[in-house]
Amino acid sequence: MSKEKIILTGDRPTGRLHIGHYVGSLKRRVELQDAGDYSKMFVFIADAQALTDNIDNPEKVRQNVIEVALDYLACGLDPTKATIFIQSQIPELCELSFYFMDLVTVSRLQRNPTVKTEIQMRNFETSIPVGFFTYPISQAADITAFRATTVPVGEDQEPMLEQAREIVRRFNYIYGETLVEPEILLPDNAACLRLPGTDGKAKMSKSLGNCIYLSESADEIQKKIMSMYTDPGHLRVQDPGKIEGNTVFTYLDAFCRPEHFELYLPDYPNLAELKAHYQRGGLGDVKVKRFLNAIMQEMLEPIRNRRKEFSKDIPAVYEMLKNGCDVARAAAADTLSDVKKAMKINYFDDAELIAEQVKRFAGQE
Ligand code: ATP
Ligand code: MG
C-alpha cells in the first residue's frame with residue numbers, strides 16, 4: 001500500500017455551517033489544502049448520514065446541501081485542489097458499509113460514546129433508527145473508500161475514528177492488508193476541540209440552535225454576541241468574574257490573536273491581562289463582548305462576502321459538485337474493487353475460481 005497522504009472530512013447538511021465547524025475542522029482543511037502537503041483531498045456533504053435522523057424531513061437536507069457547499073467555497077475550499085462531493089451519489093459507500101456491518105457488534109456500537117450522546121441529544125429513547133445507530137459504520141466506509149490517512153475533525157468525532165480504525169484492523173486481519181488505517185487530526189487549540197454554544201452548552205451544534213453561522217449578517221453576529229452566556233455570578237462590573245466556563249472567554253481563546261489588542265482593545269497588552277482584570281473585578285461583560293464582536297466581524301466579513309459572490313452562480317456550484325461526485329465515485333469504486341477481491345466476491349474477475357470449479361466438477365464425474 002502506498003504511503004501517500006490523503007485527507008478526508010465531511011459535514012452533515014442539517015444547517016448552514018457555524019464557527020464551531022470553522023475552528024473544529026474547516027479552517028484546518030483550508031490550511032492543509034493551501035499547504036499542498038498531501039496527494040489528494042476529499043470533502044463531502046454527508047446527506048445520506050443526515051437522512052438517518054431526518055428521514056421525515058428530506059427537504060431540510062436537500063436545501064442545506066447547497067448551503068454547505070457555499071460555506072465551503074466561502075471559507076476558501078478550492079475545487080481545483082479538493083474534490084468536493086455529495087455522499088448519496090456514491091453508491092459504493094453503501095456497498096462498503098454493508099460488508100463492514102459484519103465486522104462490528106451491536107454491543108460495540110452501543111458503547112460508542114458519540115452514538116450514546118447523540119441518541120440522548122435527539123431524545124430517540126428506544127426508537128432509534130437502525131441507520132442512525134449504524135452510522136459509525138457508514139462513516140468508516142466514507143473514510144476508507146478514499147484511502148484517507150488523515151481526518152481533520154472536532155473532538156466529538158474521536159470515537160468515530162477509533163471505530164473506523166477497528167474496522168480497518170479487523171478487515172485487514174481477516175482478508176489481508178487492503179484498507180488504510182486513518183489518523184485523526186484534532187485542532188491544536190484546546191478551545192477549538194469542541195467549541196461551546198452561545199448558550200454555554202457543551203457544544204455549538206446546528207441541532208441545538210446555539211450557533212453563530214458563518215453566513216450570519218453583521219447585526220445578527222453582534223446581537224448573538226451581546227446576549228452570550230458569561231458568568232451568571234458576575235452581576236456588577238466591580239464583582240470578580242469567572243473565566244472557566246465563561247463562553248465569551250472560551251471564544252477569545254479560540255479566535256483572538258495578539259494583534260487584535262492593538263487594533264480593538266489597546267488598553268490591554270494581551271489576553272492574560274484581560275482575563276486577570278476580569279477575575280479581579282472591575283471589568284464589565286459588555287467591554288469584553290464588544291472586543292469579541294470586533295474580532296468575529298473581522299473574521300466573518302470576508303467569508304460572508306465571498307459567499308455572496310458564489311451564490312450569484314448557483315448552477316456553477318451544482319456543476320462543481322457533480323464533477324466532484326464523478327471523481328469521488330471513481331476513487332471509491334477502485335477501493336471497492338480491492339475489497340471485493342480481498343473478500344473473494346469478485347466471481348467474474350477471478351479466472352482462478354472458474355478454473356478451480358471446472359476441476360472440482362470434473363472430478364465428480
Ligand atoms: P448536527 O447537530 O447535525 O450533528 P453538527 O453541528 O454537530 O451538526 P456535523 O456536521 O456533525 O455538525 O460536524 C461536522 C464537523 O464539524 C465535524 O468534524 C465535527 O467534529 C466538527 N464540529 C461540529 N461542531 C463542532 C464544535 N462545536 N466545535 C468543534 N468542532 C465541531
Ligand atoms: Mg454532529
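- The protein chain has the name Tryptophan--tRNA ligase in an unreviewed UniProt entry, where Bacteroides faecalis is given as its organism.
- Per UniProt, the protein chain carries the Sequence similarities (unreviewed entry) text "Belongs to the class-I aminoacyl-tRNA synthetase family."
- Check the Catalytic activity (unreviewed entry) section of the UniProt entry for the protein chain; it says "tRNA(Trp) + L-tryptophan + ATP = L-tryptophyl-tRNA(Trp) + AMP + diphosphate + H(+)".

## Some remarks on the packing of helix α4 (residues 92-100) against helix α8 (residues 135-145)
Turning to step 1, where the next piece is worked out: Contact geometry for α4 and α8: axes closest at 8 Å, N-to-C directions at 120°. Taken as axis vectors, α4 and α8 run oblique relative to one another. Every pair of crossing elements has a handedness; the one defined by α4 and α8 is right-handed. Between α4 and α8, the residues in contact are Leu 93, Leu 96, Ser 97 and Phe 100 and Ile 137, Ser 138, Ala 140, Ala 141, Asp 142, Thr 144 and Ala 145, respectively.
Turning to step 2, where the next piece is worked out: Considered class by class, the residues forming the contact of α4 with α8 number seven nonpolar, three polar and one charged.

## Some thoughts on the site of ligand 1
Turning to step 1, where the next piece is worked out: Not every one of the 23 residues close to ligand 1 is listed here, only the nearest: Thr 14, Asp 156, Lys 203, Ser 205 and Ser 207.
Turning to step 2, where the next piece is worked out: Contact distances for ligand 1 include 3.0 Å between a nitrogen atom and a backbone N or O atom of Met 204.
Turning to step 3, where the next piece is worked out: Expressed as a share of its isolated accessible area of 600 Å², the protein-covered part of ligand 1 is 98%.
Turning to step 4, where the next piece is worked out: Contributing elements (two or more residues each) for the shell around ligand 1: β1 (6-11), α1 (19-35) and α10 (190-193).
Turning to step 5, where the next piece is worked out: Here the shell around ligand 1 takes four residues from α1, the largest share from any one element.
Turning to step 6, where the next piece is worked out: Of the residues assigned to the shell around ligand 1, the class counts are five nonpolar, eleven polar and seven charged.

Conventions adopted
- Residues numbered from 1 in each chain as written.
- Chains lettered and ligands numbered in written order.
- Predicted model: local features only at pLDDT ≥ 70, side-chain atom pairs only at ≥ 80, totals over all residues.
- Heavy atoms only, no water.
- UniProt positions renumbered as here; feature names shortened; annotations may be inferred.
- Axes fitted to C-alpha atoms, helices over the stretch in contact; angles between N-to-C directions.
- Helix = DSSP H or I, 4+ residues; strand = E, 2+ residues; numbered from the N terminus.
- Parallel < 35°, antiparallel > 145°, perpendicular 65-115°, else oblique.
- Left-handed = near helix turned anticlockwise from the far one by under 90°.
- Contact = heavy atoms within 4.5 Å.
- Nonpolar A, V, L, I, M, F, W, Y, C, P; charged D, E, K, R; others polar.
- Near = heavy atom within 4 Å.
- Polar contact = N/O pair within 3.5 Å; in protein donor to acceptor, adjacent residues only side chain to side chain.
- Areas by Shrake-Rupley, 256 points an atom, 1.4 Å probe, with all protein chains shown as cover.

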